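Report on the structure
Chain residues, written in single-letter form:
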Amino acid sequence: MSADLSQLVKAYDVRGVVPDQWDEPLAELFGAAFVQVTGADAIVVGHDMRPSSPGLSRAFARGAAARGVDVTEIGLCSTDQLYYASGAFDLPGAMFTASHNPAQYNGIKMCRAGAAPVGQDTGLADIRELVESWLDSGAPEPEPVTPGTITRRDTLEDYAAHLRSLVDLTSVRPLKVVVDAGNGMGGHTVPTVFAGLPLTLVPMYFELDGTFPNHEANPLDPANLVDLQKRAREESADLGIAFDGDADRCFVVDEHGDPVSPSVITALVASRELARNGGSGTVIHNLITSWSVPEVVREQGGTPVRTRVGHSFIKAEMARTGAIFGGEHSAHYYFKDFWNADTGMLAALHVLAALGGQDGPLSALVAQYDRYAGSGEINSTVADQTGRLAAIRAAYEGQEGVELDELDGLTVTAADWWFNVRPSNTEPLLRLNTEARDEATMAKVRDEVLSLIRG
């Protein structure tokens with residue numbers, strides 16, 4: 001293994017190819033470093049359905065236990081189920097998953113007690129430095145301590161009960177819902193969370209299979225929604241829901257199979273959470289959610305706060321502002337009542353409650369929140385991210401009525417449109433998001449910027 005882990009340790013998680021970039025001995029070092037940096041005397045560890053996950057997870061637990069730390073293994077779980085355990089047990093946690101990445105990848109999402117994020121500025125850089133130093137010399141023998149215990153505990157029923165306690169589902173009418181789990185952890189959690197609700201559940205790809213035989217478990221890519229859209233129409237379903245690999249994100253399609261943008265879901269859930277909190281509260285949205293999100297929040301009496309993309313930034317801002325809810329364009333949804341952590345499953349329950357609490361179809365319900373034309377996220381592979389960003393800045397800087405900001409990548413805003421271009425943390429990509437007051441303007445701006453990105 002290379003003593004430089006910069007390609008493995010990202011902005012807010014560990015992620016790389018197994019065994020080329022990391023393996024079980026390295027996972028063991030991460031376990032030791034995690035407990036040293038957090039000062040924990042007990043932790044909770046969970047993993048997804050990838051073939052490499054049980055071994056990596058157990059190695060991490062061994063590394064922690066060797067340093068006297070008691071480890072609770074919750075086994076197969078979704079990422080938000082791990083956050084639930086971290087919050088409910090008040091323990092630091094580690095989730096072994098590479099989310100929506102292809103099968104050969106794996107990673108670790110780490111948090112402190114109460115699901116507080118561990119990102120570059122909140123311990124991840126320190127963990128990386130420790131592991132790098134140990135790679136050269138080997139990890140130092142732990143002080144003479146009694147090794148910690150490693151015990152198993154199932155949290156699925158408790159997690160499901162907690163989620164259901166946060167949404168009033170008593171008046172939901174019978175609904176037919178198609179769920180595409182993408183062979184990911186939604187297949188494990190959905191049957192338990194949805195149990196007892198008046199739903200006719202049509203399951204798709206619920207078999208846990210980390211090789212993703214049907215399609216990538218990344219519903220952000222429209223190609224991976226096609227099966228769900230088709231099935232929702234065939235079944236005359238009220239809606240369809242897709243989860244990503246570690247089931248912390250949910251995507252929604254309406255009764256026609258048309259995707260409902262995560263910004264629309266953010267606005268819908270924000271209005272519900274504001275109503276539940278007496279019509280006031282702060283709602284966090286990242287800088288590439290739709291203009292409709294801050295508009296709806298203000299209309300409902302709330303205070304919108306704009307932040308950069310990424311769960312550690314959103315969670316930090318939620319903690320700082322006491323926000324009741326936060327949403328991202330990527331279908332991550334964060335709840336104060338869920339330790340400020342993200343849970344797609346709770347967002348899905350809100351959608352079911354909103355739809356089932358009235359008689360109209362989902363398309364009509366969400367129309368009030370869908371106000372602008374958006375491009376969605378368009379990724380372009382580029383060799384020189386910095387150079388391309390500079391070229392875009394040069395093209396728009398100084399134009400009358402145009403504002404530029406660099407909160408996260410480059411955002412350019414005019415009266416009738418805006419766009420953001422930002423580099424990926426994990427791949428040689430630039431990501432473009434564009435929105436405008438009408439489809440023609442959006443397409444024009446989108447194509448102009450793409451031509452600059454792609455040279």
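Predicted model only: the values in this text are computed from it and were never measured.

Attention now goes to the overall build of the protein chain. Each helix and strand in the protein chain was counted, giving 14 helices and 22 strands. Seen along its three principal axes, the alpha-carbon backbone of the protein chain occupies a region of about 65 × 55 × 45 Å. Of all intrachain contacts in the protein chain linking residues separated by at least 6 positions in sequence, the fraction that spans at least 24 positions is 68%. When the accessible surface of the protein chain is split by element, carbon and sulfur atoms take 47% of a total near 17,100 Å². Looking at the protein chain, you have 35 positive and 62 negative side-chain charges, and the mean spots of the two groups are 2 Å apart.

For the rest of this paragraph, the subject is the environment of R152. Here R152 lies in strand β7 (residues 150-152). It is 9.7 Å that separates the C-alpha atoms of R152 and V44, two residues lying 108 residues apart in sequence. Once you skip the residues sitting within four places of it in the chain, R152 turns out to touch E73, I74 and G75.

Let us now look at helix α7 (residues 226-234). Regarding α7, the residues found buried are L228, Q229 and A232. Seen along its axis, α7 keeps its buried residues to an arc of 100 degrees; they face one direction. Turning to α7, the residues buried within the fold contact β8 (175-180), β9 (199-204), β10 (239-243), β11 (250-253) and β12 (259-260). Immediately downstream of α7, the backbone of S236 shows phi near 50 degrees, a positive value.

A separate point is the nonpolar core. Formed by 84 residues in total, the largest nonpolar core has its most connected members in F194, L239, I241, F243, L349 and L362. It is helix α11 (residues 344-356) that provides the largest number of residues to this core, a total of ten residues. Among all residues touching F194, those that are not within four sequence positions of it are V179, L199, L201, I241, M345, L349 and L352. Counting residues in each nonpolar core, the second largest holds 34 residues, with L5, L29, M110 and V118 among its members.

This part covers the side chain of N183. Mapped onto the elements, N183 comes out in the loop between β8 and α6 (186-193). Only 2.8 Å separates the side chain of N183 from the backbone oxygen of E207, close enough to count as a polar contact. Residues contacting N183, with those up to four places away along its chain left out, are M49, Y205, E207, L208, D209, P213 and N214.

The next thing to look at is the sheet that holds strand β13 (residues 282-286). Strand pairing in a sheet is mediated by backbone hydrogen bonds. Such pairs are either parallel or antiparallel. Pairing is mixed across the open sheet formed by four strands, whose spatial order is β14-β13-β15-β16. Every interior strand has two partners, whereas the edge strands, β14 (303-307) and β16 (333-335), have only one. Within this sheet the neighbouring strands show an average axis-to-axis angle of 20 degrees, counted without direction. Here five bridges tie β13 to β14, and the two strands are oriented parallel to one another. Bridge pairing links H285 to R306 in β14. The sheet strands contacting helix α10 (residues 311-321) are β13, β14, β15 (325-327) and β16, and the helix crosses β13 at an angle near 160 degrees.

This paragraph deals with the pattern of salt bridges. Overall, the coordinates contain 26 salt bridges when judged by the stated rule. Measuring nitrogen to oxygen at the nearest pair gives 2.4 Å for the salt bridge that ties R393 to E397. When its relative accessible area of 22% is taken as the criterion, R393 is described as partly exposed. What emerges from the salt-bridge pattern is a single network uniting D4, R128 and E132.

Spatial ordering of the open sheet is given by β9-β8-β10-β11-β12, a layout of five strands whose pairing is mixed. Strands at the two margins of the open sheet, each flanked by one partner only, are β9 and β12. Across six bridges, the pairing between β8 and β9 is parallel. Bridge assignment links K176 to a residue of β9, and that residue is T200. This element, α7, spans β8, β9, β10, β11 and β12 of the sheet and lies at about 140 degrees to β9.

Okay, the packing of aromatic side chains next. Within this structure, the stated rule accounts for 14 aromatic pairs. On the numbers, 6.5 Å between centres and 10 degrees between planes, the contact of F325 with Y333 is stacked. For the pair formed by F325 and Y333, the shared burial category is buried. The structure contains a cluster of three or more aromatic residues connected by ring pairs, namely W22, F30, F34, F60 and F96. For the cation-ring pair, R67 lies above W134, with the distance from its terminal atom to the ring centre recorded as 5.4 Å.

A few words on the pairing of strand β3 (residues 70-76). Across the seven residues that make up β3, a large majority, five, are buried. Taken together, the six bridges between strand β2 (residues 42-47) and β3 define a ladder with parallel strand orientation. Bridge assignment links G46 to a residue of β3, and that residue is G75. Since β2 and β3 lie parallel, the crossover through helix α2 (residues 53-65) that links them has a hand, and here it is right-handed. Taken together, the three bridges between β3 and β7 define a ladder with parallel strand orientation. Residue V71 lies in a different strand from β7, and its bridge partner there is I150.

The next subject is the packing of helix α5 (residues 156-165) against α11. For the pair α5 and α11, the least separation of the axes is 10 Å and the interaxial angle reads 45 degrees. What the angle tells us is that α5 and α11 run oblique. For the crossing formed where α5 meets α11, the hand is right-handed. From α5, Y159, L163 and R164 reach across to α11, where they touch M345, L346 and L349.

The rules behind the values
Residues numbered from 1 in each chain as written. Predicted model: local features only at pLDDT ≥ 70, side-chain atom pairs only at ≥ 80, totals over all residues. Heavy atoms only, no water. Helix = DSSP H or I, 4+ residues; strand = E, 2+ residues; numbered from the N terminus. Contact = heavy atoms within 4.5 Å. Areas by Shrake-Rupley, 256 points an atom, 1.4 Å probe, with all protein chains shown as cover. Lys, Arg positive; Asp, Glu negative; His and termini not counted. Charge placed at Lys NZ, Arg CZ, Asp CG, Glu CD. Buried < 20%, exposed > 50% of the residue type's maximum accessible area, 1.4 Å probe, protein only. Arc of directions from axis to C-beta. Core = buried A, V, L, I, M, F, W, Y, C linked by side-chain atoms within 4.5 Å. Polar contact = N/O pair within 3.5 Å; in protein donor to acceptor, adjacent residues only side chain to side chain. Pairing = 2+ DSSP bridges. Axes fitted to C-alpha atoms, helices over the stretch in contact; angles between N-to-C directions. Salt bridge = Lys/Arg side-chain N within 4 Å of Asp/Glu carboxyl O. Phe/Tyr/Trp six-rings, centres within 6.5 Å; stacked < 30°, edge-to-face > 60°. Lys NZ or Arg CZ within 6 Å of the ring centre and 35° of its normal. Right-handed = clockwise from strand over helix to strand, strands pointing away. Parallel < 35°, antiparallel > 145°, perpendicular 65-115°, else oblique. Left-handed = near helix turned anticlockwise from the far one by under 90°.

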